[in-house]
Amino acid sequence: MTVAPESLQGIFDRVFAGIGQARGAFAPHLTPREVGTITNVSTGIALVSGLPNVGFEELLEFPGGVFGIAFNVDEDEIGVVLLGEYSHLHAGDQVERTGRVMDVAVGDGLLGRVIDPLGQPLDARGRVATSRRAPVERPAPPIMDRAPVTVPLQTGLTVVDALIPIGRGQRELILGDRRTGKTAIAIDTIINQQNRNVVCVYCAIGQRASAVAKVVASLREKGAMDYTVVVVAEGNDAPGLSYVAPYAATSIAEHFMELGRDVLIVYDDLTHHARAYRELSLLLRRPPGREAFPGDIFYIHSRMLERATHLSKKRGGGSLTALPIIETEAQNISAYIPTNLISITDGQIYLSPSLFELGVLPAVDVGKSVSRVGGKAQRAAYRAVAGDLKLAYAQFEELETFARFGARLDEDTRKIIEHGRRIRACLKQPESSPVSVPAQLAVLLALAANLFDQVPLEKMTDAGHAVHEAAARIPAEVCARLETAAKLSDEDRKAMIEIARQALGPFQPKPKVQSETDKNAGKKPEPSATTETKSALKPDKSTSAPKSETERKAEPKPELVPAGGAKPNAATNAHSDPKAEPKSERETQPNASAEAKPDSNPKSEAKEKAS
């Protein structure tokens, strides 16, 4: 098919006319771009020149999609903390400003996911579906927007909920030596939030990949990943990621708090965070202070933990509870970083390696642990029994130390020690086995009523399980009252103590009561001392013991025997010869021979009668 030349000319004219109109309507706008140059690359940091307008903590983009945070803003160069793999960066590479600060993805799409501090997925489940991002560094809520801590956060651990309670919106430090069960307490707390409408965020800072995988597997097994977000900065990552990780996790948690929800965040642990910040500061030539930490090490932790609070009702009423973890060295809780965090937080849970070695798990040292807020948020049912329990446990620990010197103890001291040992046995709890509120209160009431004092120590574990199972028989209306702030009534207390008493019945030692028939059947009859004496004094007929004067006169007189005649019979010899009496009777019964002495010579009496 051919087209006429005049037709093609018209088409070209219309196209060029349209292009001309578009060209005339276009007004070019110049967008300035600041591009700098890398002057030096070191471990986790880079020095950049040529960015005169960069701001503090602004995000910079490096070749290969690597980002960094402007940390040192000097006149000639900028110290940048790198967030990611930096081995391909070299001096002379270009650096570009982004004009924004470091941010992270937030939203419900993060629930059940494992991400890094930049929001990238680590669980091979595809892209994270979120539509909003929030800066990792945000100011803490002002004081007037906060509300008192009044609602408890149940951990499922009896020793914590009863003696060191935690409230929603509180900051409770967990500290102890390496391998004493610090992470286990935090994970048990997350597992116990199931069906309690609490969102959990677990932030792993500088942990081994195997340890993080174990924690995630445990959370998945217990069904806790449905309401949990895991933010991971592994030990082999850049120190900048370890530094940013807790701030990113806090921003994720704050998003849920601002929606009016209760949130729990765990920082595991801030020791690695402080060391990463020290490493970055020393590489950036910041002046070192105590233990080579920079002078603002206190500030980086305080500005993060101050974001944990309970918002007022006009702000939605949400709460953010923080459980930071710190590792001590040789039980030194007075070191630099532990003392900083103790002063920032609202209490601490100290784990003792001595208790851990004895098998007391969780190894919480009640004497060195304290909660400065949780007592106000603790349920009244706990307060009714926890005060006396803590005092009795403290007395037991002091007396137990004293008793190790081998001192002789009186009865009252021995009872206190035995009661304290049963308190310690009841506070033991296996890992990943949270206990419900009614079961905890049943055990505490049984301890207060001294129901466990008669249970042998080797049976205390089974006895505690029996009380936990029996707590399921507590009426539903009583359980509902236990979950509220109402005080424990006398009727409820008696009902729970009776249930615990019935559960402990099989573990009580049986009283040793025997009937008279059982006693006689089980024993060989032994003659009493009075019976023995009477039998010894009473002569046997076979031996013809001496008779009384009346009996001898009533009997026929014996025949007289001449001097050379036959011998007297055996009976006469037995009576006449005192040696014929058994030796045992003479030794044991001297009174018998004394009483028989006047009549013991029948021979002389016979001679007198014959004459």
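Residues numbered from 1 in each chain as written. Predicted model: local features only at pLDDT ≥ 70, side-chain atom pairs only at ≥ 80, totals over all residues. Heavy atoms only, no water.

Engineer: Please set out helix 5 (residues 239–258) residue by residue, giving values where relevant.
Structural biologist: The end-to-end C-alpha separation of helix 5 is 30 Å, in line with the 28 Å expected for 20 residues at 1.5 Å each. Of all the 20 residues making up helix 5, 19 are buried; the element is thus mostly covered by neighbouring parts of the structure. (Helix = DSSP H or I, 4+ residues; strand = E, 2+ residues; numbered from the N terminus. Expected span 1.5 Å × (residues − 1). Buried < 20%, exposed > 50% of the residue type's maximum accessible area, 1.4 Å probe, protein only.)

Engineer: Could you give me a rundown of the packing of helix 11 (residues 380–403) against helix 13 (residues 437–448), with the residues and numbers involved?
Structural biologist: For the pair helix 11 and helix 13, the least separation of the axes is 10 Å and the interaxial angle reads 40°. Classified by the angle between their axes, helix 11 and helix 13 sit oblique to one another. Between helix 11 and helix 13 lies a crossing whose hand is left-handed. The residues of helix 13 that touch helix 11, namely those facing Ala-381, Tyr-382, Val-385 and Leu-389, are Val-437, Gln-440, Leu-441, Leu-444, Leu-445 and Leu-447. Grouping the amino acids of the contact of helix 11 with helix 13 by side-chain chemistry returns nine nonpolar, one polar and no charged. (Axes fitted to C-alpha atoms, helices over the stretch in contact; angles between N-to-C directions. Parallel < 35°, antiparallel > 145°, perpendicular 65-115°, else oblique. Left-handed = near helix turned anticlockwise from the far one by under 90°. Contact = heavy atoms within 4.5 Å. Nonpolar A, V, L, I, M, F, W, Y, C, P; charged D, E, K, R; others polar.)

Engineer: Tell me about the packing of aromatic side chains, and name the residues and values.
Structural biologist: For the structure shown, the criterion picks out seven aromatic pairs. Ring centres 6.3 Å apart and planes at 35° place the aromatic pair Phe-56 and Phe-71 in the tilted group. Pair noted here: Phe-56 is in the loop between strand 2 (45–49) and strand 3 (58–62) and Phe-71 is in strand 4 (residues 66–73), with a separation of 15 residues, a long-range link. Taking the relative accessible area as the measure of exposure, Phe-71 reaches 5% and is therefore buried. Geometrically, the ring pair formed by Phe-71 and Tyr-277 is edge-to-face, given 6.1 Å between the ring centres and 75° between the ring planes. With Phe-71 in strand 4 and Tyr-277 in helix 6 (residues 270–283), the pair connects residues that are 206 residues apart, well separated along the chain. Summarising the burial analysis for this pair, Phe-71 and Tyr-277 share the class buried. An aromatic cluster of at least three residues, connected via ring pairs, comprises Phe-56, Phe-71, Tyr-243, Tyr-247 and Tyr-277. Between the NZ or CZ atom of Arg-278 and the centre of the ring of Phe-293, over which it lies, the distance is 4.3 Å. (Phe/Tyr/Trp six-rings, centres within 6.5 Å; stacked < 30°, edge-to-face > 60°. Lys NZ or Arg CZ within 6 Å of the ring centre and 35° of its normal.)

Engineer: Give me the lowdown on the environment of Leu-83, citing residues and values where you can.
Structural biologist: Topologically, Leu-83 is positioned in strand 5 (residues 78–83). Residue classification places Leu-83 among the buried positions, given a relative accessible area of 3%. In the structure, Leu-83 is positioned 17 residues away from Val-66 in sequence and 6.7 Å away in space, judged by C-alpha atoms.

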